[in-house]
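Okay, here's what each chain looks like letter by letter:
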Amino acid sequence: MVEVVIERDEGGKVAAVTLRGDDSPEGLAAACLVEAPVLGLKDYLHLDPQVEGEGPNLAFRVDRSDFFLDREVDAILETMVLGLRTLQRRRPERLAVREFGTSVKV
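Residues numbered from 1 in each chain as written. Predicted model: local features only at pLDDT ≥ 70, side-chain atom pairs only at ≥ 80, totals over all residues. Heavy atoms only, no water.

### Quick notes on the sheet that holds strand E3 (residues 50-54)
Keep this limit in mind: One bridge is not enough; two strands pair if DSSP finds at least two bridges between them. A run of H or I in DSSP counts as a helix once it spans at least four residues, and a run of E counts as a strand once it spans at least two, with each numbered from the N terminus. Lines fitted to C-alpha atoms define the axes, with helix axes restricted to the stretch in contact, and inter-axis angles between N-to-C directions lie between 0 and 180 degrees. Throughout, a residue-residue contact means that at least one pair of heavy atoms, one from each residue, lies within 4.5 Å.
The five strands are arranged E3-E4-E2-E1-E5 in an open sheet whose pairing can be described as mixed. Because the sheet does not close on itself, it has two edges, and the strands there are E3 and strand E5 (95-100). The sheet shows a mean angle of 10° between the axes of neighbouring strands, taken without regard to direction. Two elements, strand E1 (residues 2-8) and E5, share six bridges in a ladder whose sense is parallel. From the neighbouring strand, Glu-7 faces E5, where its bridge partner is Phe-100. Contacts between helix H1 (residues 25-44) and the sheet are confined to E1, strand E2 (14-20), E3, strand E4 (57-61) and E5, with E4 contributing the most and set at about 30° to the helix. Sitting on the sheet, helix H2 (residues 70-90) is in contact with E1, E2, E4 and E5, with an inclination near 140° to E5.

Okay, structure coming up:
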């Protein structure tokens, strides 16, 4: 089973994401959904998220050092969460998305 853990801060914003996946179709889809925001944060917003691992086992902590980009960061990360939730609804026996904290307040 593929597992994604989403940690939210006290304000409900995504603070960290951990993927424990495999090479299954669901694992590859989840890996792409988790890796895409890292690329957006780095290449588009020029932030520096802390990334560990790669491929099916990836973890990152969000860089919120520029508070003027909070809405953009939230948009990227919440789109990832929506994609992961959609994948989980379609393959509940193969993917678990677990969130800790409250809903985001954008």
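### What about the environment of Arg-20?
What counts, and what does not: Partly exposed residues are those whose accessible area sits between 20% and 50% of the maximum for their type, while under 20% is buried and over 50% is exposed, using a 1.4 Å probe and protein chains only. Here a polar contact is taken to be a pair of N or O atoms separated by no more than 3.5 Å, where protein atoms must pair a possible hydrogen donor with a possible acceptor and residues adjacent in sequence count only if both atoms sit in side chains.
Within the fold, Arg-20 resides in strand E2. With relative accessibility at 42%, the residue Arg-20 sits in the partly exposed group. Separated by 10 residues in the primary sequence, Arg-20 and Ala-30 have C-alpha atoms spaced 9.4 Å apart. Looking at Arg-20, its side chain comes within polar contact range of the side chain of Glu-3, at 2.7 Å.

### A look at the nonpolar core
Keep this limit in mind: Nine residue types can take part in a nonpolar core, namely buried Ala, Val, Leu, Ile, Met, Phe, Trp, Tyr and Cys, and a core is a set of them joined through side-chain atoms within 4.5 Å.
Judged by nonpolar contacts, the single largest core of 25 residues is most densely connected at Val-4, Val-34, Phe-60, Val-73 and Leu-84. Broken down by secondary-structure element, the contributors of at least two residues to this core are E1, E2, H1, E4, H2 and E5. With six residues, the single largest contributor to this core is H2.

### Looking at the pairing of E3
In summary, the side chains of a regular strand alternate between the two faces of the sheet. Little of E3 sits inside the fold, with zero of its five residues counted as buried. Bridge count for E3 against E4 is five bridges, and the pairing is antiparallel. Residue pairing in the sheet places Val-51 in a bridge with Phe-60 of E4. Between E3 and E4, which pair antiparallel and follow one another directly, the connecting turn spans two residues, one of which, Gly-55, has a positive phi of 60°.

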